[in-house]
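Summary of the model geometry
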Amino acid sequence: MSDRELEKKIKDSFEKITPDVLASVLADCEEKGQEVVMKESVITNKRPVRLRRFASLAAVFIILFGSVIGVNAYQSNKAISARVSLDVNPSVEIQVNKKERVIDVVPLNEDGKTIIGDMDFSGSDIDVAVNALVGSMMRNGYISEISNSILVTVSGKDATKDAALQARVADEIDKILAGNKVTGAILSQVLVEDQKLDNIAKEYGITAGKAKLINEIIEKNNLYTVADLVPLTINELNLLTVSNEIEFVDIKAKGQASDTAYIGNEAAEAAALKHAGVTKEKATALHSKLEWEHGKMVYDVEFASEGFEYEYDIDALTGEVVDFEKYVDDDYRPTTASNQTSTPAQTTPAQTTPAQTTPAQTAPAVQQEIEAAAAQEKALAHAGLTAGQVTELEVEFDYDDKEYDVSFKYGGYEYDYEIDAYTGNVIWSEKEVDDDYRPSGNSGSTTTASAPAQSAPAQSAPAPAPAQSAPAQQVIGASAAQSKALSHAGFSAGQVAELEVEYDADDGDYDVSFKAGGYEYDYEIDAYSGAIIKADKEVDD
C-alpha cells in the first residue's frame, strides 16, 4: 500500500467518525446578520504534509503492534498447551496453558462431575487444581487404603515439557496421599497421538490414557476384551497387571495396588480345596491369581490331586464358588517308591547273594500290583455298576505303563478305565455312547445265559420285549436324579427356583437344572447308576 493510499484510507476513516457541522455554523451566522465567506486555502508548504504522513504511518504500526501483543497474550493465557487426565474411577481432564496455569477442568464421566462440584480452577496453578481434585476423590471415597491407584496421563505438543509435567503431577499426588496417610499406587504416562486409542476412548467413553492401560493388559492376556475391562477401576486394572505379570514399557509405576478389599489367595485356595474335598497335603501344583471373570473379580485357583485336575473361580469379595471344573489328569502316574520301603530292612548280609536278591528286586510289579479282579471292581464301583449288569467286560494288564485297562458296556454306553496297578486309583476314565447299542431283552442280563431253555419262549414272545427295553424299568427315576443334583449343590428342593428334571432317552441321563443364590445350576445325572456325569454352576445374569 502506497503512502497516498494509506493517507486516503485514514482520511476516509476519520470522515466517517467526524460530524458534519457546516450547516449548523452557517445557520448560526445568518441569525446574527453576518456573512462569512469561507475559502479553500491552498497549502504550499510541503513539510506539514510529510509530517501528517509520518504520523499516519506511526499510528498504523502502533495498531499492528498492539494486535500482535494481544494475540500472543491470548495464546499464552487461553490456548491449551497440554491436557492432564486423572483416572481413578472418576475421570477428569485439566487443561493448562504454556505457563501451566489452568484454563479449565472438564469432567469425563458422572463421577468426575461429583469430584469437581462447583469448584472453579480458571487461572490457578496446576498444583492447586491437582491438590483440590485428589482431596475431593479421597473425601468421596474413591481413593483410600483399599483402592489406592490413580492413573496420570499427559498429552501435549512438546514431549520434553510433557514428560516434566508428568513427573511433577505424579510427585504432587504422591505427597498429597502420603500427607493423608494413604500409601498410593501411581501410574503415569505421556501419551502420543494414537488413532487406535482415540477410537477406543470415543467408543467406550473413557480417556485415551485408560484405553492404553487396557490395551496393554489385553496384549498380555488375549482372553480379555476391551468391553470386559472398561467397567473396572484403575485399582482393579492395576491388580490385573500384577497377576498377569505385565512389565510396563511407557507407563511409570510407583507403589503397589491394594488388594485388601478381597479375601486373599490363601483363603481362596482353602475355599476351593474344601469344595473339592481335597486336603492341602494331597494337593499338588496349587496356585491362584486374581482375574476378572463372570463380571467380577475372582481368584483363579488350580491344583491336582490323585489323578484329577481342578479349576475353580472363587469370588474375590465373598469367597463363594463361582465356577469349577474337574477332569482326569492324563499325565498322572502314581509313584510306587512307598511300597518298596520294606526291602532294605529285610536284606541282611546273609541274604545279599545274587540268587536271593535278584528275583525280589527285578519283579516288584508281580509282588506289589493289585489283582485284576480288584482293578475290575474299582472301575465298576466308579461307574456305579456291578459285574452282573454289564456286558463285554474285559480286563488287561499294561506292562509298559503298569496299569490295568478295564472296559465294558451298559445301557447304551461304552466305559473305558485305566487303573493304577499298584494303588488301585482311577488314572483315566471315559464314558461314551455305544453306537452299536440296540436295546434287547437280554441286555445286561446274566440269567438268560444260564437257563436258555426256560428263557427262550419269553424272549421270542413279542410282549416282554418292550417291557425289558423300556428305560423306566432300569433308570433310577426323576426324583432320585433330582435329589442327587440338589445334594451335590447343597440345597433342598424348597431352597431353589425353576427346578426342572428331564429324561434324555438318547443319552440315557437326566438333565437337572435350577437356580439358587444368584447362580444357575445344570447337572447331567446317569439314568442307570445315578452318577454325576457333568455339573456346571454359573452366575445368573
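Residues numbered from 1 in each chain as written. Predicted model: local features only at pLDDT ≥ 70, side-chain atom pairs only at ≥ 80, totals over all residues. Heavy atoms only, no water.

Moving on, we come to the packing of aromatic side chains. Scanning the model with the defined rule gives 11 aromatic pairs in all. Aromatic pair Phe491 and Tyr521: ring centres 5.6 Å apart, planes at 75 degrees, arrangement edge-to-face. Residue Phe491 is found in the loop between α19 (478-489) and β15 (497-504), and its partner Tyr521 is found in strand β17 (residues 519-526); the two are separated by 30 residues along the sequence. Residue classification places Phe491 among the partly exposed positions, given a relative accessible area of 25%. (Phe/Tyr/Trp six-rings, centres within 6.5 Å; stacked < 30°, edge-to-face > 60°. Helix = DSSP H or I, 4+ residues; strand = E, 2+ residues; numbered from the N terminus. Buried < 20%, exposed > 50% of the residue type's maximum accessible area, 1.4 Å probe, protein only.)

This next bit is on the side chain of Asp509. Residue placement: Asp509 occurs in strand β16 (residues 509-516). Summary of buried charges: Asp509 has no salt-bridge partner, and the nearest side chain of opposite charge, Lys431, is 6.4 Å away. (Lys, Arg positive; Asp, Glu negative; His and termini not counted. Salt bridge = Lys/Arg side-chain N within 4 Å of Asp/Glu carboxyl O.)

As a further point, take the sheet that holds strand β14 (residues 426-433). Sheets are built from strands that pair by backbone hydrogen bonding, the pairs being arranged parallel or antiparallel. The strand order β11-β12-β13-β14 describes an open sheet built from 4 strands, whose pairing is antiparallel. Of all the strands in the sheet, the pair left with one neighbour each is β11 (391-398) and β14. Shown here is a sheet whose adjacent strand axes are inclined to one another by a mean of 10 degrees, direction ignored. Against the sheet, helix α15 (residues 372-383) touches β11, β12 (403-410), β13 (413-420) and β14, its axis set at about 50 degrees to β12. (Pairing = 2+ DSSP bridges. Axes fitted to C-alpha atoms, helices over the stretch in contact; angles between N-to-C directions. Contact = heavy atoms within 4.5 Å.)

Further remarks concern the environment of Glu430. One can find Glu430 in strand β14. The spatial distance from the C-alpha of Glu430 to the C-alpha of Ala383 is 10.0 Å, given a sequence separation of 47 residues. Residue contacts for Glu430: discarding those within four places in its chain leaves Glu414, Tyr415 and Asp416.

So, on to the confidence of the model for the protein. Residue-level pLDDT values for the protein average 79, and 73% of them are 70 or greater. Across residues 441-473, confidence stays below pLDDT 50; counting only partners more than four residues off in sequence or on other chains, it has 16 contacts. (pLDDT = per-residue confidence, 0-100.)

Another point: the nonpolar core. One finds Leu229, Phe303 and Tyr312 to be the most contacted residues of the largest nonpolar core, which totals 45 residues. It is helix α8 (residues 208-220) that contributes the most residues to this core, 6 residues altogether. In terms of nonpolar packing, the next biggest core, distinct from the first, is built from 37 residues, Ala375, Tyr404, Val475 and Ala516 among them. (Core = buried A, V, L, I, M, F, W, Y, C linked by side-chain atoms within 4.5 Å.)

Our next topic: helix α7 (residues 195-204). Of all the residues in α7, the buried ones are Leu197, Ile200 and Ala201. All buried residues of α7 project into a common sector of 100 degrees when viewed along the axis, lining one side. α7 presents Lys196, Lys202 and Glu203 as exposed residues on the side facing more than 90 degrees away from its buried surface. For α7, the secondary structure elements touched by its buried residues are α8 and α9 (226-229). (Arc of directions from axis to C-beta.)

Here we come to the side chain of Ser136. You can see Ser136 is positioned in helix α5 (residues 126-139). Assessed through its relative accessible area of 4%, Ser136 is described here as buried. A polar side-chain atom of Ser136 sits 2.9 Å from the main-chain carbonyl oxygen of Ile115. Every residue in contact with Ser136, bar those within four places of it in the chain, is listed here: Thr114, Ile115 and Met119. (Polar contact = N/O pair within 3.5 Å; in protein donor to acceptor, adjacent residues only side chain to side chain.)

By volume, the largest pocket amounts to about 1300 Å³. Along the walls of the largest pocket sit 43 residues, with Lys326, His382, Ile532, Ile533 and Lys534 positioned nearest its centre. Residues belonging to the lining of the largest pocket are distributed by class as follows: 18 nonpolar, 9 polar and 16 charged. (1 Å grid on protein atoms, 1.4 Å probe; cavity = no way out; pocket = protein on both sides within 12 Å on 5 of 7 lines; lining within 4 Å. Points joined across faces, edges and corners; volume = space filled by probe spheres on them. Nonpolar A, V, L, I, M, F, W, Y, C, P; charged D, E, K, R; others polar.)

Spatially, 4 strands are ordered β15-β16-β17-β18 in an open sheet, and the strand pairing comes out antiparallel. Of all the strands in the sheet, just β15 and β18 (532-539) have a single pairing partner and so form its edges. Here the average twist between neighbouring strands, direction ignored, is 10 degrees. One ladder, built from 8 bridges, connects β16 with β17; its direction is antiparallel. Across the sheet, the residue bridging to Ala516 is Tyr519, located in β17. Most of the contacts of α19 go to β16, to which it runs at about 45 degrees, and overall it touches β15, β16, β17 and β18.

With that settled, the discussion passes to the pattern of salt bridges. Applying the stated criterion to the full structure yields 18 salt bridges. We note a salt bridge from Arg83 to Glu93, for which the minimum N-O separation is 3.2 Å. Of the two residues, Arg83 is situated in strand β1 (residues 82-87) and Glu93 in strand β2 (residues 91-96); the sequence distance between them amounts to 10 residues. Three or more residues joined by partner-sharing salt bridges are found here, namely Glu100, Asp125, Asp127 and Arg168.

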